[in-house]
Every structure is written in structure tokens, then in C-alpha cells.
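So the chains spell out like this:
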Amino acid sequence: MKKSHINSLYTSRDLEARDHKDSLPGSFPYRRGPYETMYTHRPWTIRQYAGFSTAEETNAFYHKALAAGQKGLSVAFDLATHRGYDSDHPGVEGDVGMAGVAIDSVGDMKRLFHGIPLDKVSVSMTMNGAVLPVLACFIVAAEEQGVPPEALSGTIQNDILKEFMVRNTFIYPPGPSMRIVSDIMAWTHRHMPRYHSVSVSGYHMQEAGATPVQELAFTIANGLAYLEAAREAGLNVDDVAPRFSFFFGVGMDFLMEIAKLRAARELWATLVKERFQPDNEKSLLLRMHCQTSGWSLSAQDPLNNVVRTTVEALAAVLGGTQSLHTNSYDEALSLPTDTAARIARNTQLILQEETDLCRTVDPMAGSFAVESLTSGLVEEALALIREVDAMGGMMQAIERGMPQRKIQESAAARQAAIDSGEETVVGVNAYRQEEAGEAEVFDVDNRKVRDHQIRELALLRSNRNPQHVSGTLDRLREAAGRIANRSASDQREDSQAENLLQLMVDAARARATIGEMTSALEQEWGRYRADSMPVTGVYRKMYTDKSEIMEIVEEVEEFARREGRRPRILVVKLGQDGHDRGARIVASAFADIGFDVDLGPLFLTPAEAARQAVENDVHMVGVSTLAGAHRTLIPRLLEELKQAGAGEIAVVAGGVIPDKDARWLKEKGVLEIFGPGTRIPDAARKVLRFLAERSGQFPQEPDNS
């Protein structure tokens, strides 16, 4: 359902046409909320997703946030941790501490929560790939704080299917990855009754470009797949479903986002009842956490983002979320500063304390527009879920690339709408402020953080019992081998006899590191590599002003006639950053314009990217970076190209790069920086002009900037 599907006028006839049936909050199908009283009894929980640098620095931030009114903690881990690497691994030198907190061991986890009573503060952890060792370290850290597993509350994301679709912080292939999900559901059911064992995430789908219908359908379908996996592992639906939570993104389509959250509850209740016939009514309740959109934040005139976040937060509240994270206005530039984080948190406090939002349940109920949109989303999402069912379920749909392709196509179409001006983004493609000042940004010294982590790892390894550690890792590896060699029909009996999370807890107690525990399974299961083919044809087809696109196509054709071949560009992600929406859109759009485009596989080192650039004989490498590793990895790429005798290959970069870093990278030899909000036609023209000038096709124009 698109913006164009919103009518200019709604009346009671729209509800009659959709056979709308009124219901009460706390009653099936829970459209109006999972609880009878909602915020009139207790407001939503204020959470701020945070983590940066070291455990010690993040711990200090958590203490300040809790003192300022935050009610629960949401941990952001760095990309090295997400991908199961210790901080001293050579493949993560640019990622340590940059997009979250670096956690290598139980010791780091204890420092992260020092002075925070884990039996009183709920902790949400966004972790999927390395979910087993991270959760094990959390359990042991709490245990050594004097808090047993049964007293812990919070959520572990444990949503691996979404990683294969959009976010890409996977480690193992889909089959064994789903076994991990089942083992966590089983162990937490027995030992952590207050803890949510799965948080099914649509947020990252929206960030990758999914429409509301796609986010809704694929999120619900993933949740159903996890319930089916639990059933196959011998668990009853009532053992696990009541402790599922859901995580949705909330963007700027205000009415649509309210309707989406209401539709999600109705869809989940209806389908779980239909397919699993639970005895416990709580199995039908969809409880959710929401986060305002990161993609909607603009680097241009960033104070506009305060308004965007407020509008999105209001939509989440009117949609009935149980907890909420509000993004900081500067997150299109860097990690949030203290000032920006305080404004984001206070946004929620103002909504709770200074408005009347908490005085009535579901204030949007009965709105002709919202009710009609809700019913429409239910219908369209259900049709897409049926399409998934016809493929054999979500795992099979992902293996065939269906959800990935649909989301990538939606992302390319949305970018075309923005670039062509069909969709307005204030301060980006309309109402621009020409003389914008340079915003304050939060800096993390990546080398300092990594050196700190390496010292802690060395100290840990020198003070533990090597034989004890080896024994626990051997048992993990042997269990992984048995799982890999068992047939699907054997998995149910095996999962009950040998639980991987229990083995991880044993290894964490012995002070095995995150990387060592991950490697024990990897030796048997290997690491998964995703397809890197971009979609093509969508951007050009959806671009409103075809004449502008055709002008660039003609310029590309002229270049090819003069040069003897088309301009060729390699688009890459470096390090462990798996957020590839930007890279895929650029690759798709440049291909539609006429460039020869190679899209590199994820998780390349600078040396691997340079080697691929040379082997593919490209004119230029375009680096997409969102996770802060650009100061380390892009200069290394330039050096690797020179060492390979390919210094003539130009390098450009795009993504979240602060102005001062952009200037520094240009001094190092990067040709151009394309920040968030750059129109792809403008970027293509700049690239094409540089290549034409270098080949002598026309004289270089003076730079009067």
C-alpha cells in the first residue's frame, strides 16, 4: 500500500466496504491493543538503543540515561561482535567499537552492566549472528552479579531470518542458524521465564527499503516460521509464543504507520489462532518495540530530524507500541552526541508527561481513515504471506530470493521518487539551506578502543585455565558436528538432549571468548555468503523525469564510443558493515544509466576489494560506508590499489561521513564524497565527467570551488 493509495476522503462507507468489525482493546483480534487499559495504566517503556566504544564508556552512558528517566536498556553491539569476531581479529580492525560497544568476553559484559541491577532493569539485546555466545556471556555476567537466569527480564533479538533478507549480520548457513533459534527458545523456556527469547524484527526491513505491506507481511511470516521451528523441536506453542516480541520501524508515513502497527496485532492473532490453536490467550498477543526511522534522518539541515523523530514517535504511540526508541537528530552524521541523545529521550518524556496521550486507550479507533487503512494493510499483507506459504514457507522464500528482491525493488523505486522530486524531503531535495553550519559529531577513536580490547583479551587469556577452555570448546565443536550430520527427522530428539546455549554458557564460565565460541561452530558449519547481484531496471523505470535520465544515458554512450568500452565501477562494502541498501541502490541505478557495474560481496577487506577492482579492470571503486570505519578502511584501500600497481583506479565514497572526515579522506586521495541525500543523477554526472577528463575526451574545466 503506497501513499497514492490513501484516499483524499474517508467515510463510514469505507469501513462498510471492508466489513470492519469493532473490537475492544485487550480482546481478539487485538487491533486496538494487547491490553485493556494500555497507557492509562502504564505508559510505554522508554528505551534508547545505545552502545559505543568500550564497555566502560557505554556503562557510564547507561547510568546517566537511567538517571534521566530511561526505563530499560537496549544494547547496540559493534559489528565485530555481531559477526562473532574477537577485537584482535585482523578482519575487523576498522569496526571495533564504531557502531556499538565491543564485547569479547564475560569480563566485557560484566563491565558493561557494572552497578546496574540486572534483576530490576530489563535489557534488550539486538543480536542475531553471534546470539549464542553473547547471550551466554550475559547470563554468566548476571550469575556472577548474583542474579540467576530466572530473575532476568528483557529480550534477545534472535531473529536470523531477517538477517538473510536485509541486515546481513549472519554467520552460519540458514539450517544450523534456525537450530540456534530453537535451542535458545527451549533453554529460556526452562530457565528464563521472564525473558523474551525472540524479537521478530521488521525495523531493518523498513530501513532496507520495504514498503509497509512488505515489512508487515515478512515480519509476521518470520514469526510464524519460528513458531513452526519450535513445534518441530518439540515445544508447545504456549511454551514460546507468549514470550515473543516484535520490533517495527516507524517512518514518516504517519497514518500508514499507525495503521501498520494495529494491523500487525490483528494479523498475528488471527494466523497464530488459525495455524497453532493455542490454549493460552497470551500466545495470540503481539507485543512490540518500535524505533523511529534512521533512514529518514537527513545529514542536510539535521535539526529538521528533531521534527521527523517527534512525528514518528507520535505514530508509534498512537499505534500502541509497548516500548520505544527515538533516534537522535545527528545519527545521519555520526553516533549521537550527549545533547542529541538527551533531546531524543526527552521527546518521549514530553509525549508521556505533557500531553493527554496516556489518558485514553487507542485514540485513533473509529477513524474512518485509520480503520480503513488498517483493514487494507491486513488484506494486502495476508496476500503476500499466502505467496510465501505457496513457496513452502519463509526459509524457502528467502533461499529463492523473493523477499530480498521485492525489498530491493521497493528501495530503488523510492530513491527514484526522491531523486526526481516526486517525493519531497525538506532540506534535501526541496527548501534547501545553502549555508548550513557544520554540526557537532561524536568521535570514537577506533585504534584506541581496539588497543584497549586487545589488552583485555591478552589479560583474559593469561589468567584462565587453557585445558578447561579447550574442553568446553571441544564439546561445542562436537555438538555442531553431530547436528550437521543428523537428518531433519533426528533434530527434535537431538535438540532436547544437547542444547547449544547450555554448552555456550559452560564455555563462557570457563572464559572462552566470543570469537572462540563462534569459531567452534564455524569449523563444522562454515560461514554463509550471500548473493550480491543487484536488481536492475526499476530505478530507470520509476524515475519521473525520463529526459534527465536519457541525457546521462547519452553521455555514457558517448563515453563508450570514444573509450571503446563503458565506464566500469565496482561498488563495495568494506569491513563487517552489512547495511547494503545504499550500495545496492547505487549499483542498480548506475547500471540502469548505462554503467558496467560490479557489486562486490559483503565483508570485503581492503586488500580483497583492491584485488577485485584490478581483476575486473574497473575505472573506479565506490565505497558505501555507514558504520564509521571509513577512516581506517578507505585509506587502506587506496594503499592496496597503489601496491597492486593500480593507483590510477579512482576511489569515491558515500554514506555516513562527517564533513571533517570527508575533507580528510580527500586529502588522502579519495576523489569525491557523496553524502546522504546525494541525487544519483548528480553523482553519475560527476563520476562520468572525471573519467572523461582523465581519458582526454574533453579538456578539464577549472575548479573554482
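(A) The overall build of the chain, seen in detail. The helix and strand inventory of the chain stands at 28 helices and 14 strands. Radius of gyration (C-alpha) of the chain: 25 Å, near the 27 Å computed for a compact globule of 705 residues. Evaluated residue by residue, the chain yields a buried proportion of 61% over its 705 residues. Across the chain, contacts joining residues at least 24 apart in sequence account for 79% of those joining residues at least 6 apart. Summing over all exposed atoms, the chain offers an accessible surface of approximately 27500 Å²; the carbon and sulfur share of this is 49%.

(B) The arrangement of the nonpolar core in detail. In terms of nonpolar packing, the biggest core is built from 87 residues, with I220 and F244 touching the most fellow members. Among all residues touching F244, those that are not within four sequence positions of it are M185, H196, V198, V200, G223, Y226, L227, W268 and R287. If you look at the next biggest cluster of nonpolar residues, it comprises 64 residues, including V131, L132, I184 and A341.

(C) The arrangement of the pairing of strand 13 (residues 650-655) in detail. Counting buried positions along strand 13 gives 6 out of 6 residues, so the element sits mostly inside the fold. The alternating pattern of strand 13 places A650, V652 and G654 on one face and V651, A653 and G655 on the opposite face, and all of these are buried. With 6 bridges connecting them, strand 12 (residues 620-625) and strand 13 associate as parallel partners. Pairing of V621 across the sheet is with V651, part of strand 13. Taken together, strand 12, helix 26 (residues 630-643) and strand 13 form a β-α-β motif whose crossover is right-handed.

(D) Structural detail: the sheet that holds strand 7 (residues 244-250). Pairing in this open sheet of 9 strands is parallel, and the strands run 5-4-3-2-1-9-8-7-6 from one edge to the other. One side of each edge strand has no neighbouring strand; the edge strands of this open sheet are strand 5 (195-196) and strand 6 (198-201). Two elements, strand 2 (residues 72-75) and strand 3 (residues 123-125), share 3 bridges in a ladder whose sense is parallel. Looking across to strand 3, one finds that V75 is bridged to M125. Contacts between helix 5 (residues 131-145) and the sheet are confined to strand 3, strand 4 (154-156) and strand 5, with strand 3 contributing the most and set at about 160° to the helix.

(E) Expanded view of the pattern of salt bridges. Counted under the stated rule, the structure contains 51 salt bridges. With a closest N to O distance of 2.7 Å, D108 and R111 form a salt bridge. One end of the pair, D108, and the other, R111, are both in helix 4 (residues 106-112), 3 residues apart, so they sit about a helical turn from each other. Classification of D108 by relative accessible area gives buried; the value is 2%.

(F) Local environment of the sheet that holds strand 14 (residues 672-674). Taken together, the 5 strands give an open sheet; going across it, the order is 11-10-12-13-14, and neighbouring strands pair in parallel fashion. The open sheet is flanked by strand 11 (596-599) and strand 14, the only strands paired with a single partner. Neighbouring strand axes in the sheet, compared pairwise and without regard to direction, differ in orientation by 20° on average. Here strand 10 (residues 568-572) pairs with strand 12 via 4 bridges, running parallel.

(G) Up close: the side chain of E498. Considering the arrangement of structural elements, one finds E498 in the loop between helix 19 (491-497) and helix 20 (500-509). When its relative accessible area of 17% is taken as the criterion, E498 is described as buried. A distance of 2.3 Å separates polar atoms of two side chains, one belonging to E498 and the other to R482. Apart from the residues within four sequence positions on either side, E498 is in contact with R179, D183, A479, R482 and L503.

(H) Seen up close, helix 11 (residues 254-276). Its 23 residues place the ends of helix 11 33 Å apart at the C-alpha level, agreeing with the 33 Å of an ideal helix rising 1.5 Å per residue. Most of helix 11 is tucked away: 17 of the 23 residues are buried.

(I) Just the state of the cysteines, in detail. In total, this model carries 0 disulfides according to the counting rule given. No disulfide involves C290; its nearest neighbouring cysteine sulfur is the one of C358, lying 15 Å away. The class for C290 is buried, based on a relative accessible area of 0%.

(J) Highlighting the environment of L638. Counting through the fold element by element, L638 comes out in helix 26. Sequence separation of L638 and A662 is 24 residues, and the distance between their C-alpha atoms is 15 Å. Apart from the residues within four sequence positions on either side, L638 is in contact with V651, K668, G669 and V670.

(K) Quick peek at the side chain of S105. Looking at the element boundaries, S105 is found in the loop between helix 3 (79-82) and helix 4. Look at S105 and you get buried, because its relative accessible area is 5%. Among all residues touching S105, those that are not within four sequence positions of it are C137, L460 and I514.

(L) Highlighting the packing of aromatic side chains. Within the structure shown, the criterion is met by 16 aromatic pairs. Aromatic side chains F164 and F170 sit 5.5 Å apart centroid to centroid with 15° between the ring planes, which places their arrangement in the stacked category. Take F164 and F170: they sit in the same class, and that class is buried. Note on Y172 and W525: the rings are 5.2 Å apart at their centroids and 85° apart in plane angle, and the pair reads as edge-to-face. Separated by 353 residues along the polypeptide, Y172 in the loop between helix 6 (160-167) and helix 7 (174-191) and W525 in helix 21 (residues 514-525) bring together distant segments of the chain. Among the residues examined, Y172 registers a relative accessible area of 3% and is labelled buried. Counting every residue linked through ring pairs, the aromatic cluster contains Y62, F113, F138 and Y195.

(M) Region of the structure containing unusual backbone geometry. For the bond from F28 to P29, the omega torsion is 5°, close enough to zero to count as cis. In this structure, P29 sits in the loop between helix 1 (12-17) and strand 1 (45-50). For N158, which is not glycine, the phi torsion reads 50° and is therefore positive. Tracing the sequence through the fold places N158 in the loop between strand 4 and helix 6.

(N) Molecular detail of the packing of helix 11 against helix 14 (residues 368-390). The geometry of helix 11 relative to helix 14 is characterised by a closest axis approach of 8 Å and an angle of 50° between their N-to-C directions. Classed by the angle they form, the pair helix 11 and helix 14 counts as oblique. At the point where helix 11 passes helix 14, the crossing takes the right-handed sense. Each of L255, M256, I258, A259, K260, R262, A263, E266, L267, L271, E274 and R275 in helix 11 lies in contact with helix 14, whose residues at this interface are V370, E371, L373, T374, L377, V378, A381, L382, I385, R386 and D389.

What counts as what
- Residues numbered from 1 in each chain as written.
- Predicted model: local features only at pLDDT ≥ 70, side-chain atom pairs only at ≥ 80, totals over all residues.
- Heavy atoms only, no water.
- Helix = DSSP H or I, 4+ residues; strand = E, 2+ residues; numbered from the N terminus.
- Rg over C-alpha atoms; globule rule 2.2 N^0.38 Å.
- Buried < 20%, exposed > 50% of the residue type's maximum accessible area, 1.4 Å probe, protein only.
- Contact = heavy atoms within 4.5 Å.
- Areas by Shrake-Rupley, 256 points an atom, 1.4 Å probe, with all protein chains shown as cover.
- Core = buried A, V, L, I, M, F, W, Y, C linked by side-chain atoms within 4.5 Å.
- Pairing = 2+ DSSP bridges.
- Right-handed = clockwise from strand over helix to strand, strands pointing away.
- Axes fitted to C-alpha atoms, helices over the stretch in contact; angles between N-to-C directions.
- Salt bridge = Lys/Arg side-chain N within 4 Å of Asp/Glu carboxyl O.
- Polar contact = N/O pair within 3.5 Å; in protein donor to acceptor, adjacent residues only side chain to side chain.
- Expected span 1.5 Å × (residues − 1).
- Disulfide = S-S within 2.5 Å.
- Phe/Tyr/Trp six-rings, centres within 6.5 Å; stacked < 30°, edge-to-face > 60°.
- Parallel < 35°, antiparallel > 145°, perpendicular 65-115°, else oblique.
- Left-handed = near helix turned anticlockwise from the far one by under 90°.

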